[in-house]
Amino acid sequence: MADSSVFSADELTDKLPLKAWMIRPCAVYKSEYLECTSTRGRIHQYYINGYSNPDCHKWKEDYDNCMAVVESKFPELASKIIENEDARRSKRLADARSNDVWEYRKEPPANWAGPLPEWSKKNESQYFTHQQGIIDSGLQEQQRMCIIS
């Protein structure tokens, strides 16, 4: 007899939110939690943020919720994981946008598809350039195989 608490794949897909693609593999949440609570992680947080008491409970909560979703016990918990992922993403983008060192482009430079500069000619002897020349000339080297039996 099948367990009534386990959903089929179609039933689970129907119950997941639209942003379910944002959910990482459960092992990632566990790894992030272990890194956050480790001594190395605490030292890194102190170096980056100036304090060594990061809030690690969200990673643990996401791991527990992820395992519950994967085991098909509570697919509605996926929305909590997505909320945390949205918050992380918003913070990361806000930090990037507040960076005043780089100026964001609205369009690519005018000569982005132009010919390469003259100084790049010195690299013609490199392997990649050699292989590109072979491909461009249409002279493909014969493929060789070595079979050891």
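Residues numbered from 1 in each chain as written. Predicted model: local features only at pLDDT ≥ 70, side-chain atom pairs only at ≥ 80, totals over all residues. Heavy atoms only, no water.

Turning our eyes to something else, we now look at the overall build of the chain. Scanning the chain from N- to C-terminus turns up 6 helices and 0 strands. Helices and strands appear in the chain in the N-to-C order α-α-α-α-α-α. Among the 149 residues that make up the chain, the fraction classed as buried is 17%. If you sum the accessible surface of the chain, you get close to 12,900 Å²; carbon and sulfur atoms cover 56% of it. (Helix = DSSP H or I, 4+ residues; strand = E, 2+ residues; numbered from the N terminus. Buried < 20%, exposed > 50% of the residue type's maximum accessible area, 1.4 Å probe, protein only. Areas by Shrake-Rupley, 256 points an atom, 1.4 Å probe, with all protein chains shown as cover.)

For the structure shown, the criterion picks out 1 aromatic pair. Above the plane of the ring of Tyr33 lies Lys60, whose end atom (NZ or CZ) is 5.9 Å from the centre. Geometry around Trp59 places Arg88 over its ring, the cationic atom sitting 3.7 Å from the centre. (Phe/Tyr/Trp six-rings, centres within 6.5 Å; stacked < 30°, edge-to-face > 60°. Lys NZ or Arg CZ within 6 Å of the ring centre and 35° of its normal.)

Further remarks concern the packing of helix α2 (residues 26-37) against helix α4 (residues 57-70). How two helices pack is summed up by the angle between their axes together with the distance between the axes. At a minimum axis distance of 8 Å, the contact between α2 and α4 shows a crossing angle of 160°. Comparing the axis directions of α2 and α4 gives the class roughly antiparallel. In terms of crossing hand, the pair formed by α2 and α4 is left-handed. Of α4, the residues touching α2 (which contributes Cys26, Tyr29, Lys30, Glu32, Tyr33 and Cys36) are Trp59, Lys60, Asp62, Tyr63, Cys66, Met67 and Val70. Of the residues contributing to the contact of α2 with α4, the split by class is 9 nonpolar, no polar and 4 charged. (Axes fitted to C-alpha atoms, helices over the stretch in contact; angles between N-to-C directions. Parallel < 35°, antiparallel > 145°, perpendicular 65-115°, else oblique. Left-handed = near helix turned anticlockwise from the far one by under 90°. Contact = heavy atoms within 4.5 Å. Nonpolar A, V, L, I, M, F, W, Y, C, P; charged D, E, K, R; others polar.)

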